[in-house]
Amino acid sequence: MDVSFGKRYRPLLPYLALAGMVLAVAVFAPFLTPYDPNAQNLEGALAAPNGTNLLGTDRYGRDLLSRVIMGSRTTLCASLLLLLSIATMGSFLGAVCGYRGGRLDSLLMRMSDVFLAFPQMVFAVAAAGALGGGLGNAAAALAIVGWPKYARIARGLALTIRSMPYMEAARMAGTGTVGMLWHHVLPNIAGPILVTAALDIGTIIMELAGLSFLGLGAQPPTAEWGAMMNNGRSMLQTAPWVILAPGTAIFLTVAVFNLLGDKLRDVMDPKQLRTCE
Amino acid sequence: MKNYVISRLVQLVPILVGITFLTFGMMQFTSDDAVDVMYEQAGSVSEEVKAAKRVELGLDQPFLVQYGRWLRGVATGDMGRSYISGKLIFETFADKLPATVELMLVSVLLTIFLAIPLGILAAVKQDSRIDDFIRAGTFVGNSLPNFFVGLLLIYFLALKMNLLPIIGHPEDWRSVVLPALTLTIAMGAKYTRQIRAVVLEELDKLYVMGARARGVKECTILAKSVLRSALIMMITLLVLSMGSLLGGTAIVETIFMWDGVGKMAVDAILTRDYPLIQAYVVWMSIIYVGMNLAADLAYHYLDPRVRYGGGES
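Enquirer: Just to check I follow, could you spell out the overall build of chain A for this structure?
Expert: Of regular secondary structure, chain A possesses 12 helices and 0 strands. When the helices and strands of chain A are listed from N to C terminus, the series reads α-α-α-α-α-α-α-α-α-α-α-α. Seen through its principal axes, chain A has C-alpha atoms that stretch 75 × 45 × 25 Å. In chain A, buried positions account for 48% of the 277 residues.

Shown next, in the form of structure tokens:
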């Protein structure tokens, strides 16, 4: 790392702070909710936003602010876990393939061709349905179609650095395949993968919420943004706040992560990523 | 070109085998038994009747035999009957497909008319107020999930201002506006950004500088060269993004009660009508693969710089 490291990453700070705030809300959700997110109060059902219920209540009289705060935990936790698993698994597979080449490489790339040939959401909707709904299954469905993208990018990057002089040097110094991958390939491809993942967070949050919106993700009474919007759909005319609260929460969260991803791409070398996509 | 087309078609074979195999295999993970689902509404049916039905449908056969039979059905359009409605699967799908295609075409057209002028405008007026405004708009469009956009449009345009009908009536052309607009907002935001980037890149090239030096008018440069490269890019991008569009219709069709294949699939999932879901996945994927192929071929045809079979990805 050179001296300009701090300076180079300084423009990221405000966006990191914003994303950190969103994550903090998710982590400390149980301490932030003004009411129990699942406590029903049928007499106060469908109350418009007011002094006691800042964002109003849903049809069971549950406080929407509390549910939105708890929902951030469900949505973010599931999305980030999903992203972490597909990004690490996909890039690991891709890096091994790109570095080793040969039969393993062609087999895996043909496999990823097949997965990439599916329209992503079409497959995810059907897979989530086949697996029987539930947030975990919805995430699994998205993971099945999500990993090949990372495998592709990592493989492309590994291929380009494989024959670099420093790689040759390390090999000649007697570094084994595992050592090469761990010490030389992975650190060198981590940047572009990180940028791709950061840009993906927003999409994944929206896709996961979309599956929940269709009833294929989080099941009631779990507070999850997509599922909450699905609940409020039929009351759009009389109680628009029921969908406005979680919808705005999704929008703001996705916007924060998209901003962070954009800035991260600007800070890291953008050319490198573009050629590998 | 001919050799390229042939090699691309050959490459498709393993992909199609993979797609069909996965689509068929996926449904084996479900915990429900197909025959149990069929007889769910009929009440109590004896195990003998169910067993006979399984033999009739070939469900007692090994997995690969069932797969082979199903594959033949995909190829010949004879995919059996829906568990729920009892109608022919292929006919049901073919009945609903035109509505989805209509929705997609309208939103693609809207996207083109929105993204190209806005993208070019933003690029030409780079870093001005207009550019900032357009970029902020694309950012918002990119961060809104389509189901939220759909519900917001319903709330403001249909319920509050009473401008447009919410629920689709096949005869009323206005009913396509809201669902198409919903799909357009996300797509348009993405493409306006891309077009802006392409035009900026293009304007930076030497031939543009040369043309400017020779005194060619700025709008002539834009119309003659820059617009062309933007168009090629746009066509490729649009086809490649059909994947998300095909999936996005499932949500949008459900919200707007648009009677297309997306809504059909979501309904089929809720009623566990697995053959219909399989048909949806496999046909949508085949359509997607076909469009990708067409885009590749068009790209190679339009852009002579691209070497046939050169790049590996």
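Enquirer: Sorry if this is basic, but what is going on with the nonpolar core here?
Expert: One recurring pattern in soluble globular proteins is that nonpolar side chains are buried together. Core analysis: the largest hydrophobic core is formed by 150 residues, its most contacted members being A124, V125 and A126 of chain A together with A265 and Y280 of chain B. In terms of residues, this core owes the most to one element, helix α4 (residues 64–100) of chain A, which gives 16 residues. Discounting residues that sit within four places of it in the chain, Y280 of chain B has contacts with A126 of chain A together with F93, V261, M264 and A265 of chain B.

Enquirer: Help me out: how do you make sense of the interface of chain A and chain B in this one?
Expert: Accessible area lost on assembly of the parts is the figure often given for the size of an interface. With 39 residues of chain A in contact, the opposing surface of chain B contributes 41 residues. For the side of chain A that touches chain B, the secondary structure elements donating two or more residues are α5 (102–117), α6 (120–131), α7 (135–162), α9 (177–213) and α11 (241–267) of chain A. Top element by residues in the side of chain A that touches chain B is α6 of chain A. It accounts for 10 residues. For the side of chain A that touches chain B, the per-class residue count stands at 25 nonpolar, 10 polar and 4 charged.

Enquirer: Help me out: how do you make sense of helix α10 (residues 225–232) of chain A in this one?
Expert: A large share of α10 of chain A lies buried, amounting to 8 of its 8 residues. Those residues of α10 of chain A not exposed but buried are W225, G226, A227, M228, M229, N230, N231 and G232 of chain A.

Enquirer: Any chance you could explain the confidence of the model for chain A here in plain terms?
Expert: When pLDDT is low, close inspection of the predicted coordinates is not appropriate. Confidence in the prediction for chain A averages 86 pLDDT; 95% of positions are at 70 or higher. Between residues 272–277 of chain A, whose pLDDT stays under 50, and residues either more than four places distant or in other chains, the model counts 10 contacts.

Enquirer: Looking at this structure, I do not really get the environment of I255 of chain B. What am I missing?
Expert: Here I255 of chain B shows up in helix α11 (residues 242–256). Along the chain, I255 of chain B and F147 of chain B lie 108 residues apart, while their C-alpha atoms are 7.4 Å from each other.

Enquirer: Explanation requested: helix α8 (residues 177–203) of chain B in the structure shown.
Expert: Given 3.6 residues to a turn, an α-helix orients residues that are three or four positions apart in the same direction. The largest bend in α8 of chain B is about 30 degrees, located at T184 of chain B. Most of α8 of chain B is tucked away: 20 of the 27 residues are buried.

Enquirer: What should I look at first to understand the packing of α9 of chain A against α11 of chain A in this one?
Expert: To describe two helices that pack against each other, one gives the angle between their axes and the distance between the axes. Residues and elements named next belong to chain A. As a packed pair, α9 and α11 sit with axes 7 Å apart at the nearest point and diverge in direction by 165 degrees. Compared by their axis directions, α9 and α11 come out roughly antiparallel. At the point where α9 passes α11, the crossing takes the left-handed sense. In contact with V195, A198, L199, I201, G202, I205, M206 and A209 of α9, α11 contributes I250, T253, V254, F257, N258, L260, G261, L264 and R265. Classifying every residue of the contact of α9 with α11 by side-chain character gives 12 nonpolar, 4 polar and 1 charged.

Enquirer: Help me understand the domain arrangement of chain B in this model?
Expert: Here the domain parsing of chain B yields domain 1 (2–75) and domain 2 (96–271). Centre-to-centre, using C-alpha coordinates, domain 1 of chain B lies 37 Å away from domain 2 of chain B.

Enquirer: I tried to follow unusual backbone geometry on my own but got confused; where do I start?
Expert: As a rule of thumb, non-glycine residues mostly have phi less than zero, and peptide bonds are mostly trans rather than cis. Residue P221 of chain A follows P220 of chain A across a cis peptide bond; omega there is 5 degrees. Looking at the element boundaries, P221 of chain A is found in the loop between α9 and α10. Although it is not a glycine, M257 of chain B sits at a positive phi angle of roughly 55 degrees. Its place among the elements puts M257 of chain B in the loop between α11 and α12 (261–270). In this structure, R272 of chain B is a non-glycine residue whose phi angle is positive, near 55 degrees. Assignment of secondary structure puts R272 of chain B in the loop between α12 and α13 (274–302). In this structure R272 of chain B comes out as buried when scored by C-beta crowding, with 20 C-beta atoms within 10 Å.

Cut-offs applied
- Residues numbered from 1 in each chain as written.
- Chains lettered and ligands numbered in written order.
- Predicted model: local features only at pLDDT ≥ 70, side-chain atom pairs only at ≥ 80, totals over all residues.
- Helix = DSSP H or I, 4+ residues; strand = E, 2+ residues; numbered from the N terminus.
- Buried ≥ 20, exposed ≤ 12 C-beta atoms within 10 Å, placed from the backbone.
- Core = buried A, V, L, I, M, F, W, Y, C linked by C-beta atoms within 7 Å.
- Contact = placed C-beta atoms within 7 Å.
- Nonpolar A, V, L, I, M, F, W, Y, C, P; charged D, E, K, R; others polar.
- pLDDT = per-residue confidence, 0-100.
- Bend = angle between axes of the 7 residues up to and from the residue.
- Axes fitted to C-alpha atoms, helices over the stretch in contact; angles between N-to-C directions.
- Parallel < 35°, antiparallel > 145°, perpendicular 65-115°, else oblique.
- Left-handed = near helix turned anticlockwise from the far one by under 90°.
- Domains from an automatic or database assignment.

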